[in-house]
Amino acid sequence: MKKPRTAMKSHQRERAPCQEGREKRVLSGRQVKPSTPNACAGTMPEFPAAPADLARRKEGVLVQASLSPYHLFRDTADVIVFRENLLSWYDREKRDLPWRRRAEGEVDPDRRAYAVWVSEVMLQQTQVATVIDYYTRWMQKWPTLQDLASASLEEVNQLWAGLGYYSRGRRLQEGARKVVEELGGHMPRTAETLQQLLPGVGRYTAGAIASIAFGQATGVVDGNVVRVLCRVRAIGADPSSTLVSQLLWSLAQQLVDPVRPGDLNQAAMELGATVCTPQHPRCSQCPVQSLCRAHQRVERERLLGSRSPPGSPDVEECAPHAGPCQLCAPPTEPWDPTRGVTNFPRKAGRRPPREEYSATCVLEQPGALGGPRILLVQRPSSGLLAGLWQFPAVTAEPSGPQQREALLRELQSWAGPLPAPRLRHLGQVVHTFSHIKLTYQVYGLALEGQTPVTVVPPGARWLTREEFHTAAVSTAMKKVFRVYEGQQPGTSKGSKRCPMSTPSSRKKPSPGQQLLDSFFRPHIPTDASSLNSTAQ
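If you're wondering where the values come from, they're calculated on a predicted model, not measured in any experiment. Residue positions are counted from 1 within each chain, in the order its sequence is given. Per-residue local features are limited, in this predicted model, to residues with pLDDT of at least 70; the limit for side-chain atom pairs, both in listing and counting, is 80 or more; totals at the level of whole chains, interfaces and linings are taken over all residues. Side-chain metrics rest on all non-hydrogen atoms present in the structure, leaving aside hydrogens and water.

**What about the overall build of the chain?**
Next up, step 1: When helices and strands are tallied, the chain shows 19 helices and 9 strands.
Next up, step 2: By residue count, 51% of the 536 residues in the chain fall in the buried class.
Next up, step 3: In the chain, once contacts between residues fewer than 6 apart in sequence are set aside, the share between residues at least 24 apart is 70%.
Next up, step 4: Surface accessibility in these figures is a Shrake-Rupley result with a 1.4 Å probe; residues are shielded only by whichever protein chains are displayed. Of the roughly 24900 Å² that the chain leaves accessible, carbon and sulfur atoms contribute 53%. Counting from the N terminus, the helices are the DSSP runs of H or I reaching at least four residues and the strands are the DSSP runs of E reaching at least two. Burial classes follow relative accessibility: with a 1.4 Å probe on protein chains only, a residue under 20% of its type's maximum area counts as buried, one over 50% as exposed, and anything between as partly exposed. The contact criterion used is simple: two residues touch if any of their non-hydrogen atoms lie within 4.5 Å.

This is how it looks when you write it as structure tokens:
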């Protein structure tokens, strides 16, 4: 793995009396000229300042003032040690990722911000290993905001197909168009204006772009940072609660390095992804272990042994001003000595996805000109899988008797009269989206010996199998098609004849690659909840 260049120490960096407080900013260990509009670099357009940042800082002060110091950073020396240790570790151990290379090497601030923006959106709820290929192809196809703004939604959906959470790509393009058409092609320069002006950009994404691309000293909180901070400060209360969420953002802002904010934020996320992992943390390799309250708790429990019953109050360390501590785990969830530091953070209860049912059919013309073709129809422009292509389908009950008739009517609305007796039930596919567990009853109908259908209504297409695998279709539809292929003559049940590489058909990775892949963890920003409230 490529080793990064050693960064200069923070005390070697000179500060200047510019509006943003520095003449030079640091991006991933190197200096870049400031891109924020000010007296030192006045070439960029002004964006309206927002009072949100000041309000959030005051909110953080008020939140911390009422809490036990045990869960806070009250000693400035601890903050300095946290920054220095974490940044030194990051400079040595950070993964070589394409978005980091692009941000480090890009001198144009708008292109740099765009590169960071794309990576942050793709990484929401998605494995790093999965994103690498998508990100590389995306930036090759649309290297600038202007390129993306001029693309069609069909092209965006086509490249995004298989990445999931499809509304992300649509929002990203909407944002690019707004920057090009309304903001003169220049990205907003602060976290506040990024969140205010760009569709789909929440607090986390705005902070990541502002700190990494523009050097704004603003903290960020994603799923990895939540885990790191909850362990470092032994926060056992529900991290999704308003109080804990406010505190975590306040701590992140307190810890962010004023000279290398983007690197500090990335280092905290890297630590959570590769060392302070959910189930198997590698505490011996943690650069901030000396500051970790969770690790101290483990060591104390080990030393005290039977003298300290599991779940006993930690009165000698966490001493709230009055009443039970709002940040410790509730009495109903006592300390589990077998879990060690993974007692933190507390797991929030999740609602099970609601169950829905659909009947869908792969309608194929084996004798079509130019080879066999299958019918796809486009989904509505809003809602679940908006704008993607799918096989004709109807909403159905789990075992409704009218399912077959309703599906046949849907097929005929797109392709005209069809031989009903040939409609065969092939099996089912279960696919879980972020909030929906959808069961597809899969049917197949081959139009053997019939005059090929060449005309279809708007919103429908006849595609070859090769075109299907490159079209803007969801992973669920690819599962449906594999069921259909497995039922065709000359194919064993469940076989996968499609030219795409699937997890079961790929070669087993080498032990070294498996070890590298084990470092890849989902990147879950706190503003990703907006994805779940919008149909994917």
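Read on, since the account is not over.
**Quick word on the packing of helix 4 (residues 109-123) against helix 5 (residues 128-141)**
Next up, step 1: To get an axis, fit a line to the C-alpha atoms, keeping to the stretch in contact for a helix; angles then go from 0 to 180 degrees between the N-to-C directions. Here helix 4 crosses helix 5 at 140 degrees, and the two axes come no closer than 10 Å. In terms of axis orientation, helix 4 runs oblique to helix 5. For the pair helix 4 and helix 5, the crossing hand works out as right-handed. Of the residues in helix 5, those in contact with Tyr 114, Ala 115, Val 118, Ser 119, Met 122 and Leu 123 of helix 4 are Val 128, Val 131, Tyr 134, Tyr 135, Trp 138 and Met 139.
Next up, step 2: A per-class count over the contact of helix 4 with helix 5 returns 11 nonpolar, 1 polar and no charged. Any angle between 65 and 115 degrees counts as roughly perpendicular, while under 35 counts as roughly parallel, over 145 as roughly antiparallel, and the rest as oblique. Helix crossings are classified by the rotation of the near helix relative to the far one: an anticlockwise turn of less than a right angle makes the crossing left-handed, while a clockwise turn makes it right-handed. Classification convention: Asp, Glu, Lys, Arg as charged; Ala, Val, Leu, Ile, Met, Phe, Trp, Tyr, Cys, Pro as nonpolar; all other residues, Gly among them, as polar.

**Quick look at the confidence of the model for the chain**
Next up, step 1: Of all residues in the chain, 75% attain a pLDDT of 70 or more, and the chain-wide mean is 81.
Next up, step 2: Here residues 312-316 is a poorly scored stretch, pLDDT under 50, and it has 5 contacts once near neighbours within four places are set aside; other chains count.
Next up, step 3: pLDDT: the predictor's confidence for each residue, scored from 0 to 100. For the stretch residues 528-536, pLDDT sits under 50, and the model shows 25 contacts to residues farther than four places along the chain or on other chains.

**Let's talk about the environment of Pro 109**
Next up, step 1: Mapping Pro 109 onto the fold places it in helix 4.
Next up, step 2: Its relative accessible area of 10% is what places Pro 109 among the buried residues.
Next up, step 3: Considered as a pair, Pro 109 and Arg 189 are 80 residues apart in the sequence and their alpha carbons are 9.2 Å apart.

**Details of empty space enclosed by the protein**
Next up, step 1: The distinction between a cavity and a pocket rests on a 1 Å grid over the protein atoms alone: a 1.4 Å probe fits inside a cavity but cannot get out, while a pocket stays open yet meets protein on both sides within 12 Å along at least five of seven lines, and a residue with an atom within 4 Å of a point counts as lining. Grid points are joined across faces, edges and corners, and a volume is the space filled by probe spheres set on the points. This structure, assessed with the given rule, holds 5 cavities of 30 Å³ or more.
Next up, step 2: The wall of the second largest cavity is formed by 15 residues, among which Arg 231, Cys 276, Cys 283, Cys 286 and Cys 292 lie closest to the centre.
Next up, step 3: Broken down by element, the residue count for the lining of the second largest cavity peaks at 3 residues, all from helix 11 (residues 223-232).

**A short note on the pattern of salt bridges**
Next up, step 1: Salt bridge criterion: a side-chain nitrogen from Lys or Arg within 4 Å of a carboxyl oxygen from Asp or Glu. Enumeration over the complete set of coordinates arrives at 18 salt bridges.
Next up, step 2: Asp 91 serves as the salt-bridge partner of Arg 260, at 2.7 Å between the closest nitrogen and oxygen. One end of the pair, Arg 260, is in the loop between helix 12 (242-255) and helix 13 (261-274); the other, Asp 91, is in helix 2 (residues 76-93), with 169 residues separating them in the sequence.
Next up, step 3: On the basis of relative accessibility, which here comes to 5%, the residue Arg 260 falls in the buried class.
Next up, step 4: The partner of Glu 104 in a salt bridge is Lys 94, with the nearest N and O atoms 2.9 Å apart. Remark: Lys 94 occurs in the loop between helix 2 and helix 3 (98-105) and Glu 104 occurs in helix 3; sequence separation between them is 10 residues.
Next up, step 5: Here Glu 104 falls in the buried class, since its relative accessible area comes to 17%.

**Quick word on the nonpolar core**
Next up, step 1: Here, the term nonpolar core denotes a set of buried Ala, Val, Leu, Ile, Met, Phe, Trp, Tyr and Cys residues that are joined through side-chain atoms within 4.5 Å. Among the nonpolar cores identified, the biggest contains 118 residues, and Trp 138 and Met 187 are the most heavily contacted of them.
Next up, step 2: If one sorts the elements of this core by residue count, helix 4 sits on top with 9 residues.
Next up, step 3: Excluding its chain neighbours within four sequence positions, the residues that come into contact with Trp 138 are Tyr 114, Val 118, Met 122, Leu 148, Val 156, Leu 159, Trp 160 and Leu 172.

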